[in-house]
Amino acid sequence: MRGLLEDRLMHECLSIVLKPLMKAAEIGIMMSDPVGNVRHCFTPLAVYIVDMPEAAMLACVRRKTSP
């Protein structure tokens with residue numbers, strides 16, 4: 001049975017792992033395009049694939065509702 005502390009730990013781990021991506025989304029980073037030009041880019045999009053129990057936990061909803 002998953003507890004509140006386990007769910008909180010998962011959120012903290014995601015925050016640590018995604019911190020560079022969140023920083024890039026906020027202030028942008030310099031990246032080169034396919035031609036080789038350097039551009040100031042913002043990367044606010046991330047994908048996280050989960051099963052239904054994990055999706056419910058990440059959305060902070062009960063297990064029997066749809067996230």
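Note that the structure is predicted; figures quoted are calculated from it, not measured.

## Observations concerning the overall build of the protein
Here is step 1 of the chain: Within the protein, the secondary structure is distributed over two helices and two strands.
Here is step 2 of the chain: Sequence-ordered secondary structure for the protein, helices as α and strands as β, is α-β-β-α.
Here is step 3 of the chain: Relative to its 67 residues, the protein shows a buried fraction of 12%.
Here is step 4 of the chain: Sequence separation of at least 24 residues holds for 28% of the intrachain contacts in the protein that already meet a minimum separation of 6.

## Structural notes on the environment of Leu4
Here is step 1 of the chain: By secondary structure assignment, the location of Leu4 is in helix α1 (residues 4-27).
Here is step 2 of the chain: Along the backbone, Leu4 and Met57 are 53 residues apart, and their C-alpha atoms lie at a distance of 9.5 Å.

## A look at the confidence of the model for the protein
Here is step 1 of the chain: Per-chain confidence: the protein averages 79 in pLDDT, with 82% of residues scoring 70 or above.
Here is step 2 of the chain: Of all the helices and strands in the protein, helix α2 (residues 52-58) carries the lowest mean pLDDT, 73, while strand β2 (residues 38-41) carries the highest, 92.

## Considerations on the pattern of salt bridges
Here is step 1 of the chain: Scanning all chains against the criterion turns up two salt bridges.
Here is step 2 of the chain: With a closest N to O distance of 2.6 Å, Arg8 and Glu12 form a salt bridge. Linking Arg8 with Glu12, this pair stays in helix α1, spanning four residues, or about one helical turn.
Here is step 3 of the chain: According to the relative accessible area criterion, Arg8 is partly exposed, its value standing at 48%.
Here is step 4 of the chain: Judged by relative accessible area, which is 35%, Glu12 ranks as partly exposed.

## Comments concerning a nonpolar patch on the surface
Here is step 1 of the chain: Together, Ile16, Val17, Leu18 and Met22 line one region of the surface with nonpolar side chains, adding up to about 390 Å² of accessible area.
Here is step 2 of the chain: Given a relative accessible area of 32%, Leu18 falls into the partly exposed group.

## Description of the pairing of β2
Here is step 1 of the chain: Of the strand pairs in this sheet, strand β1 (residues 29-32) and β2 are connected by four bridges, and their pairing is antiparallel. Following the sheet pairing, Met31 is matched in β2 by Arg39.
Here is step 2 of the chain: Hairpin connection from β1 to β2: five residues lie between these consecutive antiparallel strands, with Gly36 at a positive phi of about 110°.

## Considerations on the environment of Cys41
Here is step 1 of the chain: On the secondary structure map, Cys41 appears in strand β2.
Here is step 2 of the chain: Its relative accessible area of 22% is what places Cys41 among the partly exposed residues.
Here is step 3 of the chain: Taking the C-alpha atoms as reference points, Cys41 and Met30, separated by eleven residues in sequence, lie 6.0 Å from one another.

Rules used in this analysis
Residues numbered from 1 in each chain as written. Predicted model: local features only at pLDDT ≥ 70, side-chain atom pairs only at ≥ 80, totals over all residues. Heavy atoms only, no water. Helix = DSSP H or I, 4+ residues; strand = E, 2+ residues; numbered from the N terminus. Buried < 20%, exposed > 50% of the residue type's maximum accessible area, 1.4 Å probe, protein only. Contact = heavy atoms within 4.5 Å. pLDDT = per-residue confidence, 0-100. Salt bridge = Lys/Arg side-chain N within 4 Å of Asp/Glu carboxyl O. Patch = residues over 30% accessible without salt bridge, like charges linked within 9 Å, V, L, I, M, F, W, Y side chains within 5 Å. Areas by Shrake-Rupley, 256 points an atom, 1.4 Å probe, with all protein chains shown as cover. Pairing = 2+ DSSP bridges.

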